[in-house]
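Structural characterization, general
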Amino acid sequence: MKTTAIFIVVFSFIGCENDFDPIGSEIIGGPGFNNELYDEAEITAYSAALEAVQTNNLTFSSGQNTVRLHLLGVYKDAAYGSQTANVYSQLSLSNQNPDFGIEPVVDSVVLSIPYFSTEGAPNDDGETAYKLDSIYGNSPIKLSIHESRYFLNSYDPATGFENEQKYYSDMQPVIENNFTGEVLFESDDFKPSSAKYTYYEENSEGENDTITVAPRMRLKLSNKFFQEKLLNKAGSGELSSDNSFQNFVRGLYFKAEAVGTDGTMMLLDFSGSNADITVYYTSKAADVQDADEDEDTEELVDVQDSYQLGFGPNSMSTFQQENPTMINDNLYLKGGEGSMAVIDLFPGSYEGNSEPSEDLKFLRENEWLINEANLIFHVNQQEVGGSREPERIYLYDLKNNIRLADYSLDNNQGQLNAWSANVNRGHLGALERDDDGNGVSYKLRITEHIRRILKEDSTNVKLGLVVSQNVNLLKNSAVRESTPSGIDRVPSSSLITPLGTVLYGPNADDEEKRLKLQIYYTEPKN
């Protein structure tokens, strides 16, 4: 037997476990100048709970890498209670009109979806250990997989199929109302495992290679279902194209349920070759090579083979989220179908208003040289209550749903892999923690944004603030019903993390922790 060890690690751009070093800033100054801090500008800020959010556009690309990301599981934290995330996905054929041979019979069906993981150093026995990433919690959940007859369109029939269809996070009831009764998998105590998986595969020389791959979800599905829906349909119109097959088998629903007070939630990639369903089967074929050496090349012998089904092209998530009572002095940020904050610098100073605010007039009249401008968000640990905290939060132009100018000017931008969690940590600083690992504050540098407002090169706009799984993922998802603040889109990166935090607002009782705009400037000495 030939042995080949192949270690496959899913490319991890998530980075929710990474540690960050604080980045300082040198204040410009010298002989003949004063270095000063101005932090008295008025700020208003408030939380906004999101209605149902679009979850069928969570495909992200960078270079040659494309991922289709969905949360699955149950997660509970002290601040926000329990959140459940489920996934509904179409299946796609690996090739059209497959030929399964004569009298094919399913032997087994295996679903495989890799976890995000990193490969550690081999131990003394040469064994490689893995660390799972983007797994939240460590308690068992109930996991089941069902067939549903609810059809996912690629394009919206209400627009004459001109616009892409939007599907939203509150659609669990309609999907479950279309269950066919087919339960393909069920477990009352499912937990992700960090163990690698080893299997054997025959090579072109007829020898067995040992294949070792990174940790993954591996589930055995119903033989009966795939016998009836796949193998028995060979040569039929149902397998003539992906469209026909997806109309025949509308989709599979991954349903998570709590079995205790806690749970586990996973971020999974349902894209491409990273995730599939393999149907192993035995069929009969003529023994043309006379494998049994009985000189009968026309007899039928058993032949083992396999066939892969992929996920997609359409998939979506559903969420159920408890909502806390929001206290006005705090800002509540929660991933998934959660909540965000609206930040208003220089309130009232908007395009179309005849007069800017007094703060903005004051700053413009002084004509200071702005060296640095920051928003410092302090974490309200009393409200967070020891829950796991997000490493990054994302600040953006809420009016136009685009990044701020500082994002593109960050000196880390473009120097690292686009999936890296270290990109843009100058503008969007990572969570600063104390010696006990508890979150203290986030420092978001918005120097260029403020400079442009003061120069009147840019219109002042309200800013949105969300938690982010990765601040490099810049696409947006629709909010089905606009909030009172007019929020109709939300950064998609906030929909693929269950984490949340609570920040002090500008009116907090503790003046040292209030949200303030810090402007460092220089001016000529008198």
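So, how was this worked out
Residues numbered from 1 in each chain as written. Predicted model: local features only at pLDDT ≥ 70, side-chain atom pairs only at ≥ 80, totals over all residues. Heavy atoms only, no water. Helix = DSSP H or I, 4+ residues; strand = E, 2+ residues; numbered from the N terminus. Buried < 20%, exposed > 50% of the residue type's maximum accessible area, 1.4 Å probe, protein only. Contact = heavy atoms within 4.5 Å. Areas by Shrake-Rupley, 256 points an atom, 1.4 Å probe, with all protein chains shown as cover. Phe/Tyr/Trp six-rings, centres within 6.5 Å; stacked < 30°, edge-to-face > 60°. Lys NZ or Arg CZ within 6 Å of the ring centre and 35° of its normal. Salt bridge = Lys/Arg side-chain N within 4 Å of Asp/Glu carboxyl O. Pairing = 2+ DSSP bridges. Core = buried A, V, L, I, M, F, W, Y, C linked by side-chain atoms within 4.5 Å. Patch = residues over 30% accessible without salt bridge, like charges linked within 9 Å, V, L, I, M, F, W, Y side chains within 5 Å. Lys, Arg positive; Asp, Glu negative; His and termini not counted. Charge placed at Lys NZ, Arg CZ, Asp CG, Glu CD. Arc of directions from axis to C-beta. Polar contact = N/O pair within 3.5 Å; in protein donor to acceptor, adjacent residues only side chain to side chain. pLDDT = per-residue confidence, 0-100.

**Remarks on the overall build of the chain**
- In terms of regular secondary structure, the chain is built from seven helices and 30 strands.
- Buried positions account for 51% of the 526 residues belonging to the chain.
- Residue pairs in contact within the chain that sit at least 24 positions apart in sequence constitute 80% of those at least 6 positions apart.
- Carbon and sulfur atoms make up 41% of the accessible area of the chain, which amounts to about 24,100 Å² in all.

**Some points on the packing of aromatic side chains**
- A complete count under the given rule lists 17 aromatic pairs for this structure.
- In this structure an aromatic cluster arises from ring pairing among Tyr38, Phe362, Trp368 and Tyr521.
- One cation-aromatic arrangement involves Arg218 over Tyr197; the distance from NZ or CZ to the ring centre is 3.7 Å.
- Positioned over the ring face of Phe60 is Lys475, at 5.5 Å from the centre of the ring.

**Examining helix 7 (residues 447-454)**
- Burial of helix 7 is extensive: six of the eight residues sit out of reach of the surface.
- Taken together, the buried positions of helix 7 are Thr447, Glu448, His449, Ile450, Ile453 and Leu454.
- Positioned one or two residues after helix 7, Glu456 has a phi angle of 65°, which is positive.

**A closer look at the pattern of salt bridges**
- Scanning the entire structure with this criterion turns up 16 salt bridges.
- Note that Glu147 and Lys229 form a salt bridge whose closest N and O atoms lie 3.6 Å from each other. Taken together, the positions of Glu147 in strand 10 (residues 141-148) and Lys229 in helix 2 (residues 223-229) put the pair 82 residues apart, joining distant regions of the chain.
- Linking Glu456 and Arg364 is a salt bridge whose minimum nitrogen-to-oxygen distance equals 3.8 Å. With Glu456 in the loop between helix 7 and strand 26 (463-467) and Arg364 in helix 4 (residues 358-366), this pair connects stretches of sequence that are 92 residues apart.
- We classify Glu456 as exposed; its relative accessible area is 57%.
- According to the relative accessible area criterion, Arg364 is partly exposed, its value standing at 22%.
- What emerges from the salt-bridge pattern is a single network uniting Lys142, Glu186 and Glu257.

**Regarding the pairing of strand 4 (residues 65-77)**
- With 10 of 13 residues buried, strand 4 lies mostly within the body of the structure.
- The pairing of strand 3 (residues 59-62) with strand 4 spans four bridges and is classified as antiparallel. Paired with Thr59 across the bridge in strand 4 is Arg68.
- Of the pairings in the sheet, the one linking strand 4 to strand 16 (residues 265-269) comprises five bridges and is antiparallel in character. Its bridge partner lying in strand 16, Gly73 is registered against Met265.
- As paired elements, strand 4 and strand 5 (residues 81-93) share five bridges and run antiparallel to each other. Looking at strand 5, one finds that Asp77 is bridged to Gly81.
- Remark: three residues form the turn of the hairpin made by strand 4 and strand 5, two consecutive strands paired antiparallel.

**Here we look at the nonpolar core**
- Grouped together as the largest cluster of nonpolar side chains are 73 residues, with contacts concentrated most on Ile343, Leu375, Phe377, Leu395 and Leu465.
- Counting residues per element, this core draws most heavily on strand 20 (residues 339-345), at five residues.
- Ignoring sequence-local partners within four residues, the contact set of Leu375 consists of Ile43, Ile343, Leu345, Leu395, Tyr442, Lys443, Leu444, Ile446, Leu515, Lys516 and Leu517.
- In this structure, Leu111, Phe245, Tyr281 and Leu309 belong to the second largest nonpolar core, which totals 43 residues.

**Let's talk about unusual backbone geometry**
- A cis amide bond links Gly312 with the next residue in sequence, Pro313, at an omega value of 10°.
- With respect to the helices, strands and loops of the structure, Pro313 is situated in strand 18 (residues 300-321).
- Even without glycine at this site, Asn97 takes up a positive phi of about 50°.
- Residue position: Asn97 is located in the loop between strand 5 and strand 6 (102-114).
- Residues other than glycine seldom take positive phi values, yet Phe346 does so here, at roughly 55°.
- When you line up the elements, Phe346 lands in the loop between strand 20 and helix 4.
- Residue Phe346 is classed as buried on the basis of its relative accessible area of 0%.

**Notes on a negative patch on the surface**
- On the surface, a cluster of negative charge is made up of Asp509, Asp510, Glu511 and Glu512.
- Tracing the backbone shows Glu512 in the loop between strand 29 (500-504) and strand 30 (516-524).
- What makes Glu512 exposed here is its relative accessible area of 67%.

**Focus on helix 4**
- Listed as buried for helix 4 are Asp359, Leu360 and Leu363. Seen along its axis, helix 4 keeps its buried residues to an arc of 95°; they face one direction. Away from its buried face by more than 90 degrees, helix 4 exposes Glu358 and Glu365.
- Looking at the residues trailing helix 4, positive phi occurs at Glu367, about 55°.

**Some details on the environment of Leu152**
- Assignment of secondary structure puts Leu152 in the loop between strand 10 and helix 1 (172-176).
- When the C-alpha positions of Leu152 and Gln246 are compared, they lie 8.9 Å apart, and in sequence the two are 94 residues distant.
- Those residues in contact with Leu152 that lie beyond four places of it in its chain are Tyr88, Gln90, Tyr167, Asn314, Ser315 and Met316.

**Observations concerning the side chain of Ser317**
- For Ser317, the position within the fold is in strand 18.
- Within the structure, the side chain of Ser317 is placed 2.7 Å from the side chain of His70, a separation counted as a polar contact.
- Among all residues touching Ser317, those that are not within four sequence positions of it are Thr55, Leu58, His70, Leu71, Asn86, Tyr168 and Ser169.

**So, the confidence of the model for the chain**
- Averaged over all residues, the pLDDT of the chain is 87; the fraction at 70 or higher stands at 86%.
- Residue range residues 1-13 is modelled with pLDDT below 50. Its contacts to residues more than four positions away, or to other chains, number 50 contacts.
- The low-confidence segment residues 15-32 (pLDDT under 50) makes 40 contacts with residues lying over four places distant or belonging to another chain.

**With respect to the side chain of Asp269**
- With respect to the helices and strands, the residue Asp269 is situated in strand 16.
- Despite its burial, Asp269 pairs with no opposite charge, the nearest such side chain being Arg68 at 6.4 Å.
- For Asp269, the side chain forms a polar contact with the main-chain nitrogen of Arg68, separated by 3.0 Å.
- A distance of 2.7 Å separates the side chain of Asp269 from the side chain of Ser271, its partner in a polar contact.
- Sequence-distant contacts of Asp269, that is, excluding residues within four places in its chain, are made with Thr66, Val67, Arg68, Leu69, Ile113, Phe116, Asn274 and Ala275.

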